[in-house]
Amino acid sequence: MKDLLRTRTSLVEGVENILNLQAKLESDASNKYLAMAAWLDRNGYANTASYLYKQAEEEREHFLKVFKYITDMGGIAVTPSIPEVQQEFASLREVFEIALQNEIAVTQAINKVIAKCRAENDYATEDFMMWYVAEQREEEKNARRALELFELIDENEAAGKFQLDVQIAKIG
């Protein structure tokens with residue numbers, strides 16, 4: 001049966017597998033941002049929480065875009081399981097340090113997908129993934145900008161916390 005299914009798709013198995021891994025990574029990123037947003041809400045950072053709720057939704061859209069691409073190409077999209085995610089954070093700064101590391105991990109994963117596409121001469125999927133390359137440049141830039149704000153605004157003061165909450169929400 002697997003051989004029959006394989007004849008109905010232009011995706012080679014290795015590209016399909018790595019795309020499913022990418023879809024899971026995007027889904028996981030959405031869940032992580034959702035947990036971060038909830039923590040921010042609980043800790044009085046309403047503006048920044050709103051920003052990360054939007055990020056969670058954006059990551060979900062990224063997941064669905066990959067998932068739908070796999071099915072559109074005749075592949076088998078695998079619905080990812082939902083892993084446990086970190087719920088508590090030591091500080092506002094830690095949230096964005098983790099966010100930046102997550103974005104870097106997503107960028108590296110996208111690069112692996114593109115490398116696999118090139119190895120398999122899958123130009124259609126490579127072209128599809130180039131949107132993600134541009135998107136990740138923006139995502140990493142925004143996460144770095146949030147961390148730069150901590151160098152300019154003192155998180156340890158009440159006024160600083162307020163300013164960070166306002167300024168981070170303006171990013172992007």
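These numbers were taken from a predicted model, which means no experiment stands behind them.

Enumeration according to the criterion identifies 10 salt bridges in this entry. In this structure, the salt-bridge partner of Arg42 is Glu88, at a minimum N-O distance of 2.9 Å. Residue Arg42 is located in helix H2 (residues 13-42), and its partner Glu88 is located in the loop between helix H3 (46-72) and helix H4 (92-119); the two are separated by 46 residues in the primary sequence. Between Glu151 and Arg93 there is a salt bridge, and its shortest N-O distance comes to 2.7 Å.

Per the UniProt record, "domain: Ferritin-like diiron" (unreviewed entry) is annotated on residues 9-154. Secondary structure content for residues 9-154 is 79% helix and 0% strand, and the end C-alpha separation is 54 Å.

Here we take up the UniProt feature "binding site: Fe cation" (unreviewed entry) in the protein. According to UniProt, the positions carrying the feature "binding site: Fe cation" (unreviewed entry) are Glu26, Glu59, His62, Glu103 and Gln136. A stretch of 111 residues holds the annotated residues, and the largest C-alpha distance among them is 12.7 Å, short enough that they meet in one place. With respect to the element layout, Glu59 can be found in helix H3. Looking at Glu59, the relative accessible area reads 0%, which means it is buried. In this view, Glu59 contacts Glu26, Ala29, Ser30, Tyr33, Glu103 and Glu139; residues no more than four positions away in its chain are not counted. Among the structural elements, His62 can be located in helix H3.

This part takes up the nonpolar core. Judged by nonpolar contacts, the single largest core of 25 residues is most densely connected at Leu52, Leu92, Phe96 and Ile168. Elements with a contribution of two residues or more to this core: H2, H3, H4, helix H5 (123-152) and helix H6 (158-169). Among residues more than four places away in sequence, those in contact with Ile168 are Thr48, Tyr51, Leu92, Phe96, Ala146, Leu149 and Phe150.

Time to look at the packing of H2 against H4. For the pair H2 and H4, interaxial distance at closest approach is 10 Å and the crossing angle is 170°. Between H2 and H4, the interaxial angle falls into the category roughly antiparallel. Its residues placed into classes, the contact of H2 with H4 shows 18 nonpolar, 3 polar and 5 charged.

A few words on the packing of aromatic side chains. Overall, the coordinates contain 6 aromatic pairs when judged by the stated rule. Taking 5.5 Å as the distance between ring centres and 50° as the angle between the ring planes, the aromatic pair formed by Phe63 and Phe67 counts as tilted. Of the two residues, Phe63 and Phe67 are both situated in helix H3; the distance of 4 residues between them amounts to about one turn of the helix. There is no split in this pair, since Phe63 and Phe67 are both buried. Ring centres 4.0 Å apart and planes at 10° place the aromatic pair Tyr69 and Phe128 in the stacked group. Taken together, the residues span a long stretch of sequence, with Tyr69 in helix H3 and Phe128 in helix H5 at a distance of 59 residues. Here the basic side chain of Lys65 rests over the ring of Trp131, its NZ or CZ set 3.4 Å away from the ring centre.

Scoring rules and cut-offs
- Residues numbered from 1 in each chain as written.
- Predicted model: local features only at pLDDT ≥ 70, side-chain atom pairs only at ≥ 80, totals over all residues.
- Heavy atoms only, no water.
- Salt bridge = Lys/Arg side-chain N within 4 Å of Asp/Glu carboxyl O.
- Helix = DSSP H or I, 4+ residues; strand = E, 2+ residues; numbered from the N terminus.
- UniProt positions renumbered as here; feature names shortened; annotations may be inferred.
- Buried < 20%, exposed > 50% of the residue type's maximum accessible area, 1.4 Å probe, protein only.
- Contact = heavy atoms within 4.5 Å.
- Core = buried A, V, L, I, M, F, W, Y, C linked by side-chain atoms within 4.5 Å.
- Axes fitted to C-alpha atoms, helices over the stretch in contact; angles between N-to-C directions.
- Parallel < 35°, antiparallel > 145°, perpendicular 65-115°, else oblique.
- Nonpolar A, V, L, I, M, F, W, Y, C, P; charged D, E, K, R; others polar.
- Phe/Tyr/Trp six-rings, centres within 6.5 Å; stacked < 30°, edge-to-face > 60°.
- Lys NZ or Arg CZ within 6 Å of the ring centre and 35° of its normal.

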